[in-house]
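Coordinate analysis (summary)
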Amino acid sequence: MNYRKISSEKWDSVVPAPRLGTWASLLLISVAAFVSYYKSLQAAFVFDDHEAVINNKDVTSLNVSLHDLFIHDFWGASITHVASHKSYRPLTILSFRILYYLSDYELNPFIFHLVNLILHVLVSCLTFQVYNLLFEMRCPKSSFCCALLFAIHPVHTESVVGIVGQAELLSALFALLSFIIFHYGCVNERSLLLNMSYSFATCIFSIVAMLCKEQGITIIGVIIVYDIVIVNKLTPSKIWELFGLFVKMLICNNFKNLPQLGNYFEFLNENWYKMKSLKSNLKCCSNGVNKIIIPSNYVPLINMVTRHLVMIVVTVLAIYIRWLLMGSTVPVFQEIDNPASFQDNLLNRVLNYNYIYLINLWILLCPEWLCFDWSMGCIPLIKSDDSKFDVRIILIILFWIFLFTLVHATYKSNGITQRSLILGLTSTFILFSPASNIFFKVGFVVAERVLYLPSMGYFLIIIVGLRKLATFEGMKKVLQYSFLLLVFVFFLRSWRRTEDWLTEKQLFESALPVCPWNAKVHYNLAKNSADSGFKKFAIKHYEEAIKLHPKYDLAMNNLANIYRDEGNLLAAEKLLIKALAIRPDFATAWMNLGIVYSSMGSYNDSEICYLEALKFRKKYPDCYYNLGNLYLELGRNIDALSAWRNATSLKPTHKIAWSNLIVMLDSMGRLDEALNESYNALSHLQNEPSIHFNLANVLGKLNEYEKSEQHFLIAIRLNSSVAAYHYNLGVLYHRWNKFCKAKYHYVEADKLDSSSKAKKQLNVLKKSGKIDRCFFEGVK
């Protein structure tokens, strides 16, 4: 019987978990993954979902071509724009767009959450297969434990429940598929051409993963390590010995036999225990001749090197093309996004980066501190030049002691333990590297979503450690119950954390205990409260956000809007001027300051502010709308029409601008233009009652009574609570000599608004005696 197989079975038998068949394992993993996040099906669109899906024209607009998806960033802006964060994920946006179409052009959160949940189940099942490959198909219990922890770990909640997390899920799916394709392409001896074909296919899937989320391409690094350590059994000690032989050959200055190093590969693999006798055959003679007796077949090494070259070349080319698509520029982030990256002192940056790594490790170990956003004071900066010593530096030292101990234990171990630890450590580092700030700055401090794929390596290390503890006498039974308890606790925590993501209010409130110093948490709480009508609560949290971050221009702008709505124009003006002093190109603040000045009667100052806003943001429909209102106030009707036309051309769904434009043309007697604009508006807003109402008024003046009646009735059907709709329809019927119907709608208008002119018109009808025989349900 094969010695290695027996050794593997014994190794796996120690793991404190039941031994299940493949299908039973997959079934349990699927159920665990689905049930842990089942409540996400009740969730709404929250946080970043609004910008990435709801407000993203690449998802919801039929006018955006598929080509545009590949030149825009994740948020729908041009990828080359200076303000773009360079998040290039066209396939994820394409997925959102397909789901939007499948939902009959409606943004149904249930469909999006269902797909996320299904993707997580699929990825969890694929992790079981990948763990099987990492354990060389001989440790089903270990593979099951790793995959089960992956399926239920609470740190994955953001990726699974947040709709924008679909980027992580799709990227992980294709990354794992590329890993599996690579494995089946190189496990057996094949022709060089076929070997290269499988390597190329692996690269294609990893590039697809990258087009879903940037870090997907890093799976190539994991695959290369897997090829060296698992497929070809080159452990660190073997590689070190081989390097020594290479150096000796160079010292002997004989390059003729250099290609024969390939022969060592197979020899070392099958006869490593004879290494000492092999080294004794290598002698540097005076005439420089090396006498080596080795096997002649070195195809495995050539195949491995070829695979790696193909993957590295294709990967580098893919990254370079992506760099060109970005406009060959790096993203520009603000200090509030990642304060540690803006530290001038190198030591301070290193200390803060390492503390962030420690936080990432901690939320994997103990996922109690979970927060939708970790920026803006959530993690106070460590500054080595402070007079007071920061105790967190000790934690960083302990963190590195732990890592070095783990690396040393890896080197000293052997067999499956060593190979598993190597894969666990390297895959965690490689997959996390894009978020590490090592190669480039990132736009966040801690982001739980980026741990989705890197956590695979972490779970591998955990199970190896669990297995090691189980070898101690009497520990196996204890660890079995402990593992069951851990699974149960993780399941409950994931279930509870999913509830936090059901609504924005719950999500933002859940962050306060974790990050009470995070100004963005208070900002989002305030914004959500203001949208819900709780303005006092909103003011409190906006003020707290500004207190925590005195340069928080967005909070100042929003707080100013509340003050303006409450009539406190001076306080609003002061805040907006302060926000503009911080960010002079803040177009929204310029527009809002213009609205404040217009409310004060300072029309010239108001116009200047609107024009400043348009200077910094040329395509700004809301600003054009407000500018049109200003011109209307000043009696500049032609300028008002021009401004509203700009607003509707930039935003065809701007219903108030359309209404103002149509009413203005109507009042100016330009009925044909009003009619054309009304039909144009309806092509974009088919179910907007105000547009049907305005069109009906125009048609009535053109004596198109039947068409006018039709649009009045549509407006009433869409919104029957507006008195003006009933009153104007009553006027139409009155003119049309349909007096009974006129009476009915006058009565309805009077019910809805007793101050309307409906009662007066009813009296006119009664005096005429033309409605004496009119009877309606409940009305005489």
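Note that the structure is predicted; figures quoted are calculated from it, not measured. (Residues numbered from 1 in each chain as written. Predicted model: local features only at pLDDT ≥ 70, side-chain atom pairs only at ≥ 80, totals over all residues. Heavy atoms only, no water.)

1. What to know about helix α28 (residues 603–616)
Selection criterion: Only runs of H or I of at least four residues qualify as helices and only runs of E of at least two qualify as strands under DSSP, and these elements are numbered from the N terminus. By definition here, a helix of n residues has an expected span of 1.5 Å times n minus one. Contact criterion: two residues are considered in contact whenever any of their non-hydrogen atoms come within 4.5 Å of each other.
Here α28 spans 20 Å end to end across 14 residues, near enough to the 20 Å set by a 1.5 Å rise per residue. On its buried face, α28 is in contact with α27 (587–600) and α29 (621–633).

2. Quick look at the state of the cysteines
Test applied: Criterion for a disulfide: a pair of cysteine sulfur atoms within 2.5 Å. The rule is simple: take the accessible area with a 1.4 Å probe, protein chains only, and divide by the maximum for that residue type; under 20% is buried, over 50% is exposed, in between is partly exposed.
Here the structure, examined in full by the defined rule, presents one disulfide. Bridging cysteine 378 to cysteine 515, the disulfide has an S-S length of 1.6 Å. Placement of the pair is cysteine 378 in the loop between α17 (346–365) and α18 (392–412) and cysteine 515 in the loop between α22 (504–511) and α23 (519–531), with a sequence separation of 137 residues. Assigned by exposure class, cysteine 378 and cysteine 515 land together as buried. Of all cysteine sulfurs, the one in cysteine 515 lies closest to cysteine 371, which takes part in no disulfide; the gap is 4.0 Å.

3. Looking at unusual backbone geometry
With the exception of glycine, most residues fall at negative phi, and the peptide bonds are largely trans. The phi dihedral of phenylalanine 47 is positive, around 50°, even though this residue is not glycine. Here phenylalanine 47 lies in the loop between α2 (22–36) and α3 (49–54). Phi at asparagine 437 is positive, roughly 70°, even though this residue is not glycine. Note on placement: asparagine 437 falls in the loop between α19 (415–432) and α20 (455–470).

4. Re the pattern of salt bridges
Put simply, the test is: Salt bridges are counted wherever a side-chain nitrogen of Lys or Arg sits within 4 Å of a carboxyl oxygen of Asp or Glu.
Scanning the entire structure with this criterion turns up 28 salt bridges. Aspartate 565 is paired through a salt bridge with arginine 564; the nearest N and O atoms lie 3.4 Å apart. Exposure remark for aspartate 565: the relative accessible area of 49% places this residue in the partly exposed category. By relative accessible area, which is 18% here, arginine 564 ends up buried. Between lysine 701 and aspartate 666 there is a salt bridge, and its shortest N-O distance comes to 2.7 Å. Within this pair, whereas lysine 701 is found in helix α33 (residues 689–701), its partner aspartate 666 is found in helix α31 (residues 655–667), the two being separated by 35 residues in sequence. By relative accessible area, which is 12% here, aspartate 666 ends up buried.

5. Description of the packing of aromatic side chains
Within a pair of aromatic rings, the relevant descriptors are the distance that separates the centres and the angle that separates the planes. We apply this condition: Two aromatic rings, drawn from Phe, Tyr or Trp (for Trp, its six-membered ring), form a pair once their centres lie within 6.5 Å of each other, and the interplanar angle then sorts them: stacked below 30 degrees, edge-to-face above 60, tilted otherwise. Each ring is checked for a lysine NZ or an arginine CZ that lies within 6 Å of its centre and within 35 degrees of its normal; such an atom marks a charge sitting over the ring.
Inspection of every chain in the model, using the stated rule, returns 29 aromatic pairs. Site record: aromatic cluster; members linked through ring pairs are Phe45, Phe74, Trp75, Phe96 and Phe112. Cation over ring: arginine 392 sits above tyrosine 355, and NZ or CZ is 5.0 Å from the ring centre. Above the plane of the ring of tryptophan 736 lies lysine 738, whose end atom (NZ or CZ) is 3.7 Å from the centre.

6. Observations concerning α23
The end-to-end C-alpha separation of α23 is 18 Å, in line with the 18 Å expected for 13 residues at 1.5 Å each. Here α23 lies mainly inside the structure; 10 of its 13 residues are buried. Along α23, the residues classified as buried are Ala519, Lys520, Val521, His522, Tyr523, Asn524, Leu525, Ala526, Asn528 and Ser529. On its buried side, α23 packs onto α22, α24 (535–548) and α25 (553–565).

7. A word on the nonpolar core
Our working definition: Here, the term nonpolar core denotes a set of buried Ala, Val, Leu, Ile, Met, Phe, Trp, Tyr and Cys residues that are joined through side-chain atoms within 4.5 Å.
Core analysis: the biggest nonpolar cluster contains 132 residues, and Tyr131, Phe372, Trp374 and Leu423 have the highest contact counts within it. Ranked by residues supplied to this core, first place goes to helix α7 (residues 109–134) with 11 residues. Among all residues touching leucine 423, those that are not within four sequence positions of it are Leu134, Val222, Val225, Tyr226, Val229, Ile230 and Leu460. Counting 63 residues, the second largest nonpolar core, distinct from the first, contains Tyr523, Tyr542, Leu661 and Ala674.

8. A closer look at the environment of glycine 327
In this structure, glycine 327 sits in the loop between α16 (299–325) and α17. Residue classification places glycine 327 among the partly exposed residues on the basis of a relative accessible area of 36%. With 247 residues separating them along the chain, glycine 327 and threonine 80 place their C-alpha atoms 5.0 Å apart.

9. Structural notes on the packing of α27 against α29
As a reminder of what qualifies: The axes used here are C-alpha line fits, helices contributing only the stretch in contact, and every angle between their N-to-C directions lies in the interval 0 to 180 degrees. Our angle categories are set so that under 35 degrees counts as roughly parallel, over 145 as roughly antiparallel, 65 to 115 as roughly perpendicular, and the remainder as oblique. Crossings are sorted by hand: turned counterclockwise from the far helix by less than a right angle, the near helix makes the crossing left-handed, and turned clockwise it makes it right-handed.
The interhelical angle for the contact between α27 and α29, taken along N-to-C directions, is 15°, at an axis separation of 10 Å. In terms of their interaxial angle, α27 and α29 are classed as roughly parallel. You can see that α27 and α29 cross each other, and the crossing is left-handed. Side by side, α27 and α29 meet where Met591, Ile595 and Ser598 of the first sit next to Asp622, Cys623, Asn626 and Leu630 of the second.

10. Here's the deal with the confidence of the model for the protein
Applicable threshold: As a per-residue measure, pLDDT tells how confident the predictor is, with possible values from 0 to 100.
Averaged over all residues, the pLDDT of the protein equals 85, while 88% of them reach at least 70. Below a pLDDT of 50 lies the segment residues 1–6, which in the model reaches four contacts outside its immediate sequence neighbourhood of four places, other chains included. Between residues 776–780, whose pLDDT stays under 50, and residues either more than four places distant or in other chains, the model counts nine contacts.

11. Things to note about the packing of α31 against α33
We count it as follows: Residues were grouped as follows: Ala, Val, Leu, Ile, Met, Phe, Trp, Tyr, Cys and Pro as nonpolar; Asp, Glu, Lys and Arg as charged; and all remaining residues, including Gly, as polar.
Contact geometry of α31 with α33 gives a least axis separation of 9 Å together with a crossing angle of 10°. It follows that α31 is roughly parallel to α33 by the angle criterion. Note on packing geometry: the crossing formed by α31 with α33 is left-handed. Here Lys655, Trp658, Ser659, Ile662, Val663 and Asp666 of α31 lie close against α33, whose contacting residues are Ser690, Ile691, Asn694, Asn697, Val698 and Lys701. In terms of residue class, the contact of α31 with α33 is built from five nonpolar, four polar and three charged.

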